[in-house]
Amino acid sequence: MAIEVRQVHPQFVAKVTGVELSTTLTAETVAALNDAINRYAVLIFPDQRLDDDRLLALGRLFGDVEPPRNHRVELRLKHAELADISNLDSRNQLRARDDHRRLDSLGNRLWHSDASFREVPGALSMLFAHVVPPVGGETEFADLRAAYDALPADMQARIDDLVAEHSIFYSRGQLGHTEYTEAERAALPSVFHPLVRIHPGSKRKTLYMGAHASHIVGWRMPEGRLLLRDLMEHATQREFVHRHEWRVGDLVIWDNRCTLHRGRPYDDATHPRDLRRVTTKDYARVPEHVA
Ligand code: OGA
Ligand code: MN
């Protein structure tokens, strides 16, 4: 069956059919999917069947896998390399309101780019839906290449060479969740990333920011924060946003290098939501002292 790619938003996002991701994909298929990712940034594959082994194997076809933070958790999933995007604990019970892990993961409701708080951040994320709630719990995506293109030329020139500081504790702190130990903080110091990047697969310019980005290096703190807020407001206008309503069996791939995403609310005290993610490493951002 031939792969069919159908764009579903005027700027980005495509639905892909005719490919069974649980089978071993040929190099040709992976190349075709990479081309589609570079063009559309978000790909939606309905009706997939992926257990934890298959999901991890799928991620590895696209790059080296970036493990999630996994702090203070008894793992529920088979592999520590998979991010458990659920409201469940290791016994598949709904997490309590005050559960640290629950409060930490509420940070995913802020617009962000996965692992931008790491020196080597996330490139591609692949999120698979096992269980979805009856209402809510959608995921929204914003197109940062289109958002950059739509900025006035003087704004583009003003921001082209800026660098932003990113920290996971900044994003969590915005929601007032600050209960991290010294050791947890020391393990993830702030990192620096250019605010404007050339997206490697398309050579298009893109903004690069999100909830972990706190301020602009070398600027006065309030000025940098205001600039980031303005850019976030600009980039998340509805014309740049696609909302994905999950169905069981959906696998969504997004490119963290040129999009933002956020989870939307649902009644997590009543309904399970079980999504699982694998993310690849963005080696284009390996700083010299790490390489
Ligand atoms: C993620 C994420 C949002 C959601 O998996 O990285 O941010 O809707 N998910 O669960
Ligand atoms: Mn995320």
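Residues numbered from 1 in each chain as written. Chains lettered and ligands numbered in written order. Predicted model: local features only at pLDDT ≥ 70, side-chain atom pairs only at ≥ 80, totals over all residues. Heavy atoms only, no water.

Draft legend 1. Expanded view of the overall build of the protein. Secondary structure assignment for the protein yields eight helices and 15 strands. In terms of C-alpha radius of gyration, the protein reaches 18 Å, essentially the compact-globule figure of 19 Å for 291 residues. The dimensions of the protein, computed from C-alpha atoms along their principal axes, are 50 × 45 × 40 Å. Residue burial in the protein is summarised as follows: out of 291 residues, 54% are buried. Relative to all contacts within the protein whose residues are 6 or more apart in sequence, the contacts with residues 24 or more apart total 81%. Per element, the accessible surface of the protein, about 13,400 Å² overall, is 49% carbon and sulfur. Positive and negative side-chain charges in the protein, numbering 39 and 42 respectively, have mean positions lying 1 Å apart. (Helix = DSSP H or I, 4+ residues; strand = E, 2+ residues; numbered from the N terminus. Rg over C-alpha atoms; globule rule 2.2 N^0.38 Å. Buried < 20%, exposed > 50% of the residue type's maximum accessible area, 1.4 Å probe, protein only. Contact = heavy atoms within 4.5 Å. Areas by Shrake-Rupley, 256 points an atom, 1.4 Å probe, with all protein chains shown as cover. Lys, Arg positive; Asp, Glu negative; His and termini not counted. Charge placed at Lys NZ, Arg CZ, Asp CG, Glu CD.)

Draft legend 2. Spotlight on the sheet that holds strand E11 (residues 213-216). Taking strand neighbours across the sheet as the criterion, the three strands line up as E8-E7-E11 in an open arrangement whose pairing is antiparallel. The two strands at the open ends of the sheet, each matched to only one other strand, are strand E8 (191-194) and E11. On average, each strand axis in the sheet is tilted by 35° relative to the strand beside it, whichever way the strands run. (Pairing = 2+ DSSP bridges. Axes fitted to C-alpha atoms, helices over the stretch in contact; angles between N-to-C directions.)

Draft legend 3. Representation of the pattern of salt bridges. Here the structure, examined in full by the defined rule, presents 23 salt bridges. A salt bridge links Arg69 to Asp104, with the shortest nitrogen-to-oxygen separation between them at 2.7 Å. On the criterion of sequence distance, the pair formed by Arg69 in the loop between helix H2 (52-62) and strand E4 (83-86) and Asp104 in helix H3 (residues 100-105) is long-range, its members being 35 residues apart. The exposure class of Arg69 is partly exposed, given its relative accessible area of 23%. With its nearest N and O atoms 3.0 Å apart, the salt bridge here joins Arg243 to Glu140. Pair noted here: Arg243 is in strand E12 (residues 241-244) and Glu140 is in strand E6 (residues 139-143), with a separation of 103 residues, a long-range link. A residue is classified by how much of its surface remains accessible, and Glu140, at 0% relative accessible area, is buried. Among the charged side chains, a salt-bridge network with shared partners connects Asp52, Arg76, Asp84, Asp274 and Arg276. (Salt bridge = Lys/Arg side-chain N within 4 Å of Asp/Glu carboxyl O.)

Draft legend 4. Just the site of ligand 1, in detail. For ligand 1, the full set of nearby residues is Ile85, Asn108, His112, Asp114, Leu127, Glu138, Thr139, Trp254, His261, Gly263, Arg273 and Arg277. Here an oxygen atom of ligand 1 sits 3.0 Å away from a polar atom, N or O, in the side chain of Asp114. Arg277 is positioned such that a nitrogen or oxygen atom in its side chain is 2.8 Å from an oxygen atom of ligand 1. Protein chains bury 97% of the 290 Å² of accessible surface belonging to ligand 1 in isolation. (Near = heavy atom within 4 Å. Polar contact = N/O pair within 3.5 Å; in protein donor to acceptor, adjacent residues only side chain to side chain.)

Draft legend 5. Spatial organisation of the packing of aromatic side chains. Considering all chains together, one arrives at two aromatic pairs under this definition. Arranged with centres 5.3 Å apart and planes meeting at 55°, the rings of Phe141 and Trp254 form a pair that is tilted. Of this pair, Phe141 sits in strand E6 while Trp254 sits in strand E13 (residues 251-255), placing them 113 residues apart in sequence. Taking the relative accessible area as the measure of exposure, Trp254 reaches 1% and is therefore buried. Considering the side-chain rings of Phe169 and Tyr180, the 5.1 Å spacing of their centres and the 65° angle between planes classify their relative orientation as edge-to-face. On the criterion of sequence distance, the pair formed by Phe169 in helix H6 (residues 168-174) and Tyr180 in the loop between H6 and helix H7 (182-187) is long-range, its members being 11 residues apart. When sorted by exposure, Phe169 lands in the same class as Tyr180, which is buried. The aromatic ring of Phe169 is capped on one face by Arg185, whose charged end is 5.0 Å from the ring centroid. For the cation-ring pair, Arg197 lies above Tyr208, with the distance from its terminal atom to the ring centre recorded as 5.0 Å. (Phe/Tyr/Trp six-rings, centres within 6.5 Å; stacked < 30°, edge-to-face > 60°. Lys NZ or Arg CZ within 6 Å of the ring centre and 35° of its normal.)

Draft legend 6. Examining unusual backbone geometry more closely. Although it is not a glycine, Ala41 adopts a positive phi angle of roughly 70°. Position of Ala41 relative to the elements: it lies in the loop between helix H1 (27-40) and strand E3 (42-45). Positioned with a positive phi, Asn92 is a non-glycine residue whose angle comes to about 65°. Looking at the secondary structure, you find Asn92 in the loop between E4 and H3. The exposure class assigned to Asn92 is partly exposed, which follows from its relative accessible area of 47%.

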